[in-house]
Amino acid sequence: MSRVGCVLVALLASVHLSMVLGYDNSRYDNDDAIDVFPLAFLNVFFGPGNVPSINLANTCNPTDNATFAGTDLPNCASVGTDIKTCQAKGKIVTLSIGGATGSVGFTSDSQAQTFADTIWNVFLGGSSSTRPFGDAVLDG
């Protein structure tokens, strides 16, 4: 199994700790104090093929990993295995949207709805031929 990296980002509550997956080579899913793992980041809303893209730094990114044809969305199937491992241990795995710059947005309600549908199909409970984490389904 690949080692998904994590970086401490926030104390969500007195007993709930959040870690961001994707930024170093440590393994924190065995730590009972950590409950939530946001994947960082979905940093491109509308890339080639009108498909979003993610950059999980050295864990998976469009420069170093194969991408789905006609898109900049990397195929991070090995991360999908880690996501399912974390979830089996009762951890919540979510997607952090926007990235460090936060310079993304929508031009209309219709565009926002289309984006929400895409996120559902690509990362959550829907279906798509461009699911970067294979059959892993994120929690939010």
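Residues numbered from 1 in each chain as written. Predicted model: local features only at pLDDT ≥ 70, side-chain atom pairs only at ≥ 80, totals over all residues. Heavy atoms only, no water.

The name given to the protein chain in an unreviewed UniProt entry is GH18 domain-containing protein, with the source organism recorded as Hermanssonia centrifuga.

Trainee: Could you clarify how one ought to interpret the overall build of the protein chain in this entry?
Mentor: Scanning the protein chain for helices and strands turns up 2 helices and 5 strands. Secondary structure of the protein chain in N-to-C order comes out as β-β-β-β-α-β-α. In the protein chain, 45% of the contacts between residues at least 6 apart in sequence involve partners at least 24 apart. Accessible surface for the protein chain amounts to roughly 6,900 Å². Of this, 53% is attributable to carbon and sulfur atoms. (Helix = DSSP H or I, 4+ residues; strand = E, 2+ residues; numbered from the N terminus. Contact = heavy atoms within 4.5 Å. Areas by Shrake-Rupley, 256 points an atom, 1.4 Å probe, with all protein chains shown as cover.)

Trainee: Which parts of the structure should I look at to understand the state of the cysteines?
Mentor: Here, the word disulfide means a covalent bond between the sulfur atoms of two cysteines. Per the counting criterion, the structure on display carries 1 disulfide. There is a disulfide in this structure between C60 and C76, and the S-S distance comes to 2.0 Å. Because the sign of the S-S torsion sets the handedness, a value of about -85° for the bond joining C60 and C76 places this disulfide among the left-handed ones. With C60 in the loop between β4 (53–54) and α1 (77–88) and C76 in the loop between β4 and α1, this residue pair connects regions lying 16 residues apart in the sequence. (Disulfide = S-S within 2.5 Å.)

Trainee: Explain the environment of L56 to me, please; I cannot follow it from the model alone.
Mentor: Inspection of the secondary structure puts L56 in the loop between β4 and α1. Along the primary structure L56 and A40 are separated by 16 residues, whereas in three dimensions their C-alpha atoms are 5.6 Å apart.

Trainee: Sorry, what's going on with the pattern of salt bridges here?
Mentor: Working definition: two side chains of opposite charge can pair if their charged atoms are close together. Summed over all chains, the structure comprises 1 salt bridge. The residue D135 makes a salt bridge to K84 at a minimum N-O spacing of 2.6 Å. With a gap of 51 residues between them, D135 in the segment after α2 (109–123) and K84 in helix α1 connect regions that are remote in the sequence. The exposure class assigned to D135 is exposed, which follows from its relative accessible area of 59%. (Salt bridge = Lys/Arg side-chain N within 4 Å of Asp/Glu carboxyl O. Buried < 20%, exposed > 50% of the residue type's maximum accessible area, 1.4 Å probe, protein only.)

Trainee: For this particular structure, what's the right way to read the environment of D32?
Mentor: Position of D32 among the secondary structure elements: in the loop between β2 (17–21) and β3 (34–44). A residue is classified by how much of its surface remains accessible, and D32, at 70% relative accessible area, is exposed. Along the primary structure D32 and K91 are separated by 59 residues, whereas in three dimensions their C-alpha atoms are 9.2 Å apart.

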